[in-house]
Amino acid sequence: MIVVKNVSKYYGNFCALNNITLELHNGVYGLLAPNGAGKTTLIKMLATLITPSQGEIVYDGKNIIHMDDEFRALLGYLPQQFGYYNNYSPKQYLLYLAALKGMGRKDSIRIIKELLEKVALSEVGNKKMKKFSGGMIQRVGIAQALLNNPKVLILDEPTAGLDPKERARFRNLLSELARDRLVIVSTHIVSDVESIANEVIMIKHQEVLYKDSVENICNTLAGHVYETTIDYGHLDAFRNRYTVLLEKQESGEMNIRFIHKGAAAEGWLSVTPSLEDVFLYEYRDEIRMEV
Amino acid sequence: MNKEIFRIPMPDKQTIHIQTQQIVVAASKQKVSFISYLKSMHQQIGIKHLFSDRSELIFAWITAIILSGLFLVKPEPSQANVHDMYGFIFLISPVLFLTLSLYTYSNKIISGTFEVEMTCKYNVYQIIAFRMLIFSVIAIMFNTMTLVFMSMIYEDVHFARAFMISSTGLFAFSILILFAVMKRRSTVAAAATIIGWTLGNLLLIYMDNPIYRDILVNLPLFVYALVFVGTLYGYLKSLNRFIHFQYAEGDY
Ligand SMILES: Nc1ncnc2c1ncn2[C@@H]1O[C@H](COP(=O)(O)OP(=O)(O)OP(=O)(O)O)[C@@H](O)[C@H]1O
Ligand SMILES: [Mg+2]
């Protein structure tokens, strides 16, 4: 179990995260927030790449910084920018990293073979990585994070650059992995975590906004999300009055999904809120909602 | 938890060996000496991965050859001042070693593998500390070879003195640069140390200060030997500290 205790992070005078407190158990946590919210900052602190300016992070009661290599031995980490040596093949690179993780060679070879299958790269295992597409490199990154069968798996935007098929494969892999470990996945793509996260953590104004199940987070908007159809000409007026989540043009009219916290008007259809609705609503000031 | 253990496939011999050793190391965490730490690192990672990049080694050889060339070709034998020669030996001896270590570090930053490697059990600093030790041995061997040639070409250059000057230079410089990296935690500090070292030494050589000249040429050998042992000790100590070093702000 990881506990983040009153952690703040400053870059010079700039406060990137303020007084974050979280308790994380086994399972998948989706760290969901828009660009620049501080996801990577939190993740780097969890991976001991940077230290908190205030507060501490403990694993089973021990400060992860003091645990030093003992904590790193439990850790699997995929950075947002996954780097590689141009002239290495995935097998060579993974063997190298396995060695740095203190794994025996025979074990490494067996595990690497399994992992390359899991991320569908078996056929190119010996090809130089400089010839790889972005998605393929990202999959090497995912495999790399799993090498030491980590108890704590931290992935910073792992689905960036993956096609829908690989995204789905990745989601299945994650929920399979999460049974006996702690998985933290940062993303700004709602569908990546909606179906697999046991809990979603949302950060707003440098603080934790929600840390709850998808269902509970969605319920915060229960009864406030509607859909209706309006004339194209009324669109601007409508946008000014309500928080519009989605606009779709349909045979000259506009199909609109929006939020209203008050009595409903006629012709409005009350709908069940989705995680995307909450995301768009909570970050409406940060996100420019242009169609 | 206990039930799960029986489903884990039997680890291979090397893993068992490594893990037994890790348990021993963990049990005696305080007492692990620098040398035994390096030993277990060598055993677990292997030389092949510790010196993973072949281009690095080629780069090293080229640097080494150019340097030896510089040493041998530079001044005309008849006109060379022996104290200038010693001064240059002191100045240049860490260069090979420096290029080897900096290359490793910047290569990891440039390829973007730094972060991933930093979160491995053996992180970048531990690898670099290990390599620095090996590289310093290589650098000393090269310096020694060059000095043997020099003392044959220039009658006034005495091998024993030149050897101690060059090794002291190497260790003193390493202590400085490790200190800069660990205290100031930035590449700027490292660069400043390198520039400071070079300018400072050049200044000393060109000012032609009699005291400096005296230290180089006339200081008794046993005093040099003392300084040499002192810097060697300091060097090993800072390497040991570097192994357990963690950087704080993320602005590497
Ligand atoms: N090394 C740094 N120095 C100064 N400011 C930084 C540094 N790293 C991040 N920041 C700032 O901290 C804030 C949070 O950045 P962070 O990278 O954690 O966001 P993020 O949620 O990961 O965003 P993205 O979705 O774009 O990856 C940003 O405003 C960023 O400009
Ligand atoms: Mg980020």
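Residues numbered from 1 in each chain as written. Chains lettered and ligands numbered in written order. Predicted model: local features only at pLDDT ≥ 70, side-chain atom pairs only at ≥ 80, totals over all residues. Heavy atoms only, no water.

What about the overall build of chain B?
Regarding its fold elements, chain B presents twelve helices and zero strands. Listed by position from the N terminus, the elements making up chain B come as α-α-α-α-α-α-α-α-α-α-α-α. Burial statistics for chain B: of 252 residues in total, 46% are counted as buried. Across chain B, every contact between residues at least 6 apart in sequence was considered, and the portion connecting residues at least 24 apart equals 80%. Taken as a whole, chain B presents about 13600 Å² of accessible surface, with 70% of it coming from carbon and sulfur. (Helix = DSSP H or I, 4+ residues; strand = E, 2+ residues; numbered from the N terminus. Buried < 20%, exposed > 50% of the residue type's maximum accessible area, 1.4 Å probe, protein only. Contact = heavy atoms within 4.5 Å. Areas by Shrake-Rupley, 256 points an atom, 1.4 Å probe, with all protein chains shown as cover.)

Topic: the sheet that holds strand β9 (residues 199-204) of chain A
Residues and elements named next belong to chain A. If you walk across this open sheet you meet the six strands as β6-β7-β8-β3-β9-β10, and the pairing is mixed. Strands with a single pairing partner mark the edges of an open sheet, and in this sheet they are β6 (75-78) and β10 (207-212). With direction set aside, neighbouring strand axes in the sheet form an average angle of 15°. Sheet topology note: the β9/β10 ladder contains five bridges and is antiparallel. (Pairing = 2+ DSSP bridges. Axes fitted to C-alpha atoms, helices over the stretch in contact; angles between N-to-C directions.)

Here we look at the coordination of the magnesium ion (ligand 2)
Donor atoms from the polypeptide that coordinate the magnesium ion (ligand 2) comprise Thr40 of chain A (OG1) and Gln80 of chain A (OE1), at 1.8 to 2.2 Å from the metal. One end of the pair, Thr40 of chain A, is in helix α1 (residues 39-46); the other, Gln80 of chain A, is in the loop between β6 and α4 (90-100), with 40 residues separating them in the sequence. (Donors = N, O, S within 2.8 Å, 3.2 Å for Na, K, Ca; no water.)

Section: the UniProt feature "domain: ABC transporter" (unreviewed entry) in chain A
Per the UniProt annotation, the sites labelled "domain: ABC transporter" (unreviewed entry) are residues 2-230 of chain A. Helix makes up 34% of residues 2-230 of chain A and strand 30%. Its end C-alpha atoms lie 49 Å apart. (UniProt positions renumbered as here; feature names shortened; annotations may be inferred.)

Topic: the site of ligand 1
All names here are of chain A. Near ligand 1 there are 14 residues, and of these Gly36, Lys39, Thr40, Thr41 and Gln80 occur at the shortest range. Lys39 places a polar side-chain atom, nitrogen or oxygen, 2.7 Å from an oxygen atom of ligand 1. The separation between an oxygen atom of ligand 1 and a polar side-chain atom of Thr41 is 2.6 Å. When ligand 1 sits alone it has 640 Å² of accessible area, and the protein chains cover 62% of it. Breaking the shell around ligand 1 down by element, the ones donating at least two residues are β2 (14-24) and α1. Sorting elements by how many residues they give to the shell around ligand 1 places α1 first, with three residues. (Near = heavy atom within 4 Å. Polar contact = N/O pair within 3.5 Å; in protein donor to acceptor, adjacent residues only side chain to side chain.)

With respect to the UniProt feature "transmembrane region" (unreviewed entry) in chain B
Sites flagged by UniProt as "transmembrane region" (unreviewed entry) map to residues 57-73, 85-106, 127-153, 159-181, 188-207 and 219-236 of chain B. Structurally, residues 188-207 of chain B comprises 100% helix and 0% strand, and the distance from its first C-alpha atom to its last is 28 Å.

Considering a positive patch on the surface
Side chains of Lys127, Lys128, Lys130 and Lys131 of chain A sit close together on the surface and give a patch of like positive charge. Here Lys131 of chain A shows up in the loop between α5 (105-118) and α6 (134-146). (Patch = residues over 30% accessible without salt bridge, like charges linked within 9 Å, V, L, I, M, F, W, Y side chains within 5 Å. Salt bridge = Lys/Arg side-chain N within 4 Å of Asp/Glu carboxyl O. Lys, Arg positive; Asp, Glu negative; His and termini not counted. Charge placed at Lys NZ, Arg CZ, Asp CG, Glu CD.)

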